[in-house]
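# Examination of the molecular architecture
One-letter residues, chain by chain:
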Amino acid sequence: MSHVTTPTSPPQSVIAGKARLDDVLAELRAARPVFHSEADLQHAFAQALTSVAPDVRARLEVPVRRPGLRAEYLDLLCLGPTARTAVEFKYVTRRWAGEAGSPPEDYDLRHHGAPDLARRNFVFDIERLERFCRREDQNGLALLITNEAALWLPPPQGRPRTRDHEFRLHDGQTLAGTLRWAEGGYAPHTRVLRGIHPLTWRSYAQLGGPGGEFRCLAVLVDP
């Protein structure tokens, strides 16, 4: 199992110019060690953010429009007095059922499967945030929370390259440049990243039993 570190936040790891990402994740973890759905995560994160930084406003499902193109929807826009943060979420789960939280709630998580598509979709989020964060006062955050260990573990040695090889998200990986799906065999999935994004997974929650370990991956996108 790969080593998980919890680094101190660099200066850019600040949401809406007011809240350190580490502080928001700590508040979120204390209140909600697990979520029923991705929408549940989005709402809980917004609550944790405004608890840490009461003068930040959180807006869900904000349309981003560009001339001649269909509107895209941003999961969360965080508006501070002098800065903004665009946030995209992914919540990928394997089967887990149990009680968690205070007061305790019953959870029955579905098994999403298809970790290759989860990797692809997270990379897509990073590329979208790079397009959205064109304002000097707006950065971006792509946040993935999961109990699917295949996402944070490196591929087994000796296995042939898979179609998502360039989209791998394991601890210590770096995402940068042109990423091709199936070595370019399916051009619509090709993504070009303008930033360099080293990946470091953090421990999120330990809930016991198979599938009870949750980790999170946060990628910050500079303006």
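Residues numbered from 1 in each chain as written. Predicted model: local features only at pLDDT ≥ 70, side-chain atom pairs only at ≥ 80, totals over all residues. Heavy atoms only, no water.

## Observations regarding the overall build of the protein
Which entries qualify depends on this criterion: Here a strand is any run of E in DSSP of at least two residues, a helix any run of H or I of at least four, and the numbering for each starts at the N terminus. Our radius of gyration looks at C-alpha atoms and nothing else; its globule reference is 2.2 Å times the residue count to the power 0.38. Three labels apply to residues, based on accessible area from a 1.4 Å probe with only protein chains included: buried if under 20% of the type maximum, exposed if over 50%, partly exposed otherwise in between. Here, residues are in contact when the closest pair of their heavy atoms is within 4.5 Å. Residue burial considers only the protein chains on display, and all accessible areas are found by Shrake-Rupley using a 1.4 Å probe. For this count, His and the chain ends are skipped, Lys and Arg are scored as positive, and Asp and Glu as negative. Think of each charge as sitting on NZ of Lys, CZ of Arg, CG of Asp or CD of Glu.
Within the protein one finds three helices and twelve strands. Computed over the C-alpha atoms, the radius of gyration of the protein is 17 Å, within 12% of the 17 Å expected from 2.2 N^0.38 for a compact globule of 223 residues. On the principal axes, the C-alpha backbone points of the protein span a range of 50 × 45 × 35 Å. Out of the 223 residues in the protein, the part that is buried amounts to 48%. Taking all contacts inside the protein whose residues are at least 6 apart in sequence as the whole, residues at least 24 apart take part in 60%. On the protein, roughly 11000 Å² of surface is accessible, and the fraction owed to carbon and sulfur atoms is 51%. In the protein, the 29 positive side-chain charges and the 27 negative ones have mean positions that sit 5 Å from each other.

## Considering helix 3 (residues 115-132)
Side chains three or four residues apart in an α-helix point the same way, a direct result of the helix having 3.6 residues per turn. Heads up, the rule is: For a helix, the expected span equals 1.5 Å multiplied by the number of residues minus one.
Between its first and last C-alpha, helix 3 extends 26 Å over 18 residues, near the 26 Å set by a 1.5 Å rise per residue. When you tally the buried positions in helix 3, you get 14 out of 18 residues, the bulk of the element.

## Describing the sheet that holds strand 12 (residues 213-221)
Here is the rule we go by: Whether two strands pair comes down to DSSP finding at least two bridges between them. Note on geometry: axes are C-alpha line fits, over the in-contact stretch for helices, and angles between N-to-C directions span 0 to 180 degrees.
Across the sheet, which stays open at both edges, the six strands sit in the order 3-4-5-8-12-11 with mixed pairing between neighbours. Both outer strands of the open sheet, strand 3 (57-64) and strand 11 (201-206), are each paired with one neighbouring strand and no more. The mean inter-strand angle of the sheet, taken between neighbouring strand axes irrespective of direction, is 30°. Pairing of strand 5 (residues 84-92) with strand 8 (residues 138-146) involves nine bridges; the strand directions are parallel. Its bridge partner lying in strand 8, Ala86 is registered against Gly140. Against the sheet, helix 2 (residues 38-52) makes contact with strand 3, strand 4 (72-79), strand 5 and strand 8, and its axis sits at roughly 140° relative to strand 5, the strand it touches most.

## Some points on the pattern of salt bridges
So the rule is basically this: By definition here, a salt bridge exists when the distance from a side-chain nitrogen of Lys or Arg to a carboxyl oxygen of Asp or Glu is within 4 Å.
Going through the model one piece at a time under the given rule, you end up with 19 salt bridges. Its salt-bridge partner being Lys18, residue Asp55 comes within 3.3 Å of it at the nearest N-O pair. You can see Asp55 sitting in the loop between helix 2 and strand 3 and its partner Lys18 sitting in the loop between strand 1 (14-15) and strand 2 (19-20), a full 37 residues away along the chain. Taking the relative accessible area as the measure of exposure, Asp55 reaches 34% and is therefore partly exposed. A salt bridge links Arg95 to Asp108, with the shortest nitrogen-to-oxygen separation between them at 2.3 Å.

## Description of the pairing of strand 6 (residues 96-100)
With five bridges joining them, strand 6 and strand 7 (residues 105-109) adopt antiparallel strand pairing. Bridge assignment links Glu99 to a residue of strand 7, and that residue is Asp106. Hairpin connection of strand 6 to strand 7: four residues between the antiparallel strands, including Gly101 at a positive phi of 90°.

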